[in-house]
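As a plain string of letters, each chain reads:
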Amino acid sequence: MSYVAHEYFHNFNVKRIRPLALGPFDYDQANLTDMLWASEGLTVYYQDLLLVRAGLMTRGQYLEKMAGAITKFENASGHRYQSAAESSLYTWGAPRGAPPGGGDRSTSISYYDNGAMLGALLDLNIRNESHNRKSLDDVMRGLYREYYQRKARGFTGAEFRSECEKAAGGPLTEVFEYVSTSREMDYAKYLAYAGLRVETAEEAAAGAFLGVNTKTQDDGLIIADVASASPAQNAGLAVEDRILTLDGAHATAKSLNDLLSAKKAIDKIKVQFSRKGATQEVEIVLGKNSKRSYKIAPMDALSAFQSDIGNDWLRTRQ
Ligand SMILES: [Zn+2]
């Protein structure tokens, strides 16, 4: 049923509601877009939302599936290296059989999976910001009217964002930062808008922990996020630092991931990086790597506002 709902929803999202690059096509040219997270990801988001709203899936089943998707995404190393926008853009040039984000599986993500979670975060953010008067449904309807019916064309990324922020009645800075960077997503904050809490459990995993998320820019490896109290933060690494070498070898997303996979806690690595044009080197004692599992459960005490958002979102009573 999810699969049927997915393909049916494409009649709207992609066939009619679409980024400029997705038609009309010039088949002699590459059709690059950084918005497949919206075209495919939001379709994945709606496939299950439609089932729960139609009563074909329970609220519990829906939240369990979402928690499973978060667990899978967070335990795959790719989320430390690639954003949803990059995953969308690079898929065109990916070799046959490569994952959706192109290139190496350990350093790329799926814009389907990540896009679906971004859809949930956007939806909950819009509901909270608009005092539960608007939702992602209004965004989809607005895009359909403005770009399919009125202008008869696709939309730009800025136009898509503007439609979302119009519905919210204010800026959605953080969620759009999640779209374009590898920053860690604060699921708990957004699910709390619907009266839900996120429970996590950790267990030891192979490899070592450094605590940075990166982006690849102009062939350089730039730090996009630093986990608090992590080995990276303790050693003084910061957002926007450019990692030059790791144990003396040229740094790439793949070499960083391979190095951390081969190390264990208390092992040391030498990181050379540049900050504002000055080169520095630090030796970092790596930390314990862990796997995290996520569960989503109703809060014990929730406000009428949280309860309304949850009920309107899933069209079911808590
Ligand atoms: Zn699809």
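Heads up: these notes are all about the structure in this document.

Cut-offs and rules
Residues numbered from 1 in each chain as written. Predicted model: local features only at pLDDT ≥ 70, side-chain atom pairs only at ≥ 80, totals over all residues. Heavy atoms only, no water. Salt bridge = Lys/Arg side-chain N within 4 Å of Asp/Glu carboxyl O. Helix = DSSP H or I, 4+ residues; strand = E, 2+ residues; numbered from the N terminus. Buried < 20%, exposed > 50% of the residue type's maximum accessible area, 1.4 Å probe, protein only. Expected span 1.5 Å × (residues − 1). Donors = N, O, S within 2.8 Å, 3.2 Å for Na, K, Ca; no water. Polar contact = N/O pair within 3.5 Å; in protein donor to acceptor, adjacent residues only side chain to side chain. Contact = heavy atoms within 4.5 Å. Pairing = 2+ DSSP bridges. Phe/Tyr/Trp six-rings, centres within 6.5 Å; stacked < 30°, edge-to-face > 60°. Patch = residues over 30% accessible without salt bridge, like charges linked within 9 Å, V, L, I, M, F, W, Y side chains within 5 Å. Areas by Shrake-Rupley, 256 points an atom, 1.4 Å probe, with all protein chains shown as cover.

**Considering the pattern of salt bridges**
- For the coordinates displayed, the defined rule picks out 22 salt bridges.
- Aspartate 48 is the salt-bridge partner of lysine 65, the closest N and O atoms lying 3.1 Å from each other. Separated by 17 residues along the polypeptide, lysine 65 in helix α3 (residues 59-75) and aspartate 48 in helix α2 (residues 36-53) bring together distant segments of the chain.
- Across the salt bridge formed by arginine 197 and glutamate 199, the nearest N and O atoms sit 2.4 Å from each other.
- Judged by its relative accessible area of 31%, arginine 197 is partly exposed.
- Among the charged side chains, a salt-bridge network with shared partners connects Glu174, Glu177, Arg183 and Lys189.

**Regarding helix α5 (residues 111-129)**
- Relative to the 27 Å expected for 19 residues at 1.5 Å per residue, α5 spans 25 Å between its end C-alpha atoms, a close match to the ideal helical length.
- With 16 of 19 residues buried, α5 is to be regarded as a mostly interior element.
- Just downstream of α5, histidine 131 is the residue with a positive phi angle, here 55°.

**Brief notes about the coordination of the zinc ion**
- On the protein side, the zinc ion has His6 (NE2), His10 (NE2) and Glu40 (OE) as donor atoms, found 2.0 to 2.1 Å from it.
- Mapped onto the polypeptide sequence, the residues donating to the zinc ion form the spacing pattern H-x3-H-x29-E. Separated by 34 residues along the polypeptide, histidine 6 in helix α1 (residues 2-9) and glutamate 40 in helix α2 bring together distant segments of the chain. Glutamate 40 matches histidine 6 in its accessibility class, with the two residues each being buried.

**Things to note about the side chain of asparagine 213**
- By the secondary structure assignment, asparagine 213 is in strand β2 (residues 212-217).
- Only 2.8 Å separates the side chain of asparagine 213 from the side chain of glutamate 184, close enough to count as a polar contact.
- Residues in contact with asparagine 213, not counting those within four places in the same chain, are His79, Arg80, Ser182, Arg183, Glu184, Ile222, Ile223, Ala224 and Asp225.

**Considerations on the pairing of β2**
- Here β2 runs beside strand β3 (residues 220-226); their pairing, made up of six bridges, is antiparallel. Opposite glutamine 217, over in β3, you have glycine 220 as the bridge partner.
- Where β2 hands over to β3, the hairpin turn is made up of two residues, of which aspartate 218 adopts a positive phi near 50°.

**Thoughts on the packing of aromatic side chains**
- For the coordinates displayed, the defined rule picks out 15 aromatic pairs.
- Judged by centre distance (5.6 Å) and plane angle (90°), the ring pair of tryptophan 37 and phenylalanine 160 falls under edge-to-face. Of this pair, tryptophan 37 sits in helix α2 while phenylalanine 160 sits in helix α7 (residues 157-168), and the two are 123 residues apart along the sequence. The exposure classification of tryptophan 37 matches that of phenylalanine 160, with both residues buried.
- Between tyrosine 144 and tyrosine 148, the aromatic rings sit 5.3 Å apart at their centres with planes inclined by 25°, giving stacked as the arrangement. With tyrosine 144 and tyrosine 148 both in helix α6 (residues 136-150), this residue pair falls four residues apart, about one helical turn.
- Classification of tyrosine 148 by relative accessible area gives partly exposed; the value is 34%.

**Some words on a nonpolar patch on the surface**
- A cluster of nonpolar residues, Leu32, Leu89, Tyr90 and Trp92, forms a patch on the protein surface that exposes about 400 Å² of accessible area.
- Structurally, the position occupied by tyrosine 90 is in helix α4 (residues 84-90).
- Looking at tyrosine 90, the relative accessible area reads 41%, which means it is partly exposed.

**Description of unusual backbone geometry**
- A cis amide bond links glycine 23 to the next residue, proline 24, at an omega of -5°.
- Note on placement: proline 24 falls in the loop between α1 and α2.
- With a phi angle near 70°, aspartate 219 is a residue other than glycine that sits in the positive phi range.
- Relative to the helices and strands, aspartate 219 is located in the loop between β2 and β3.
- Although it is not a glycine, lysine 276 sits at a positive phi angle of roughly 50°.
- Relative to the elements of secondary structure, lysine 276 occurs in the loop between β6 (268-275) and β7 (278-285).

Geometry only, nothing functional implied.
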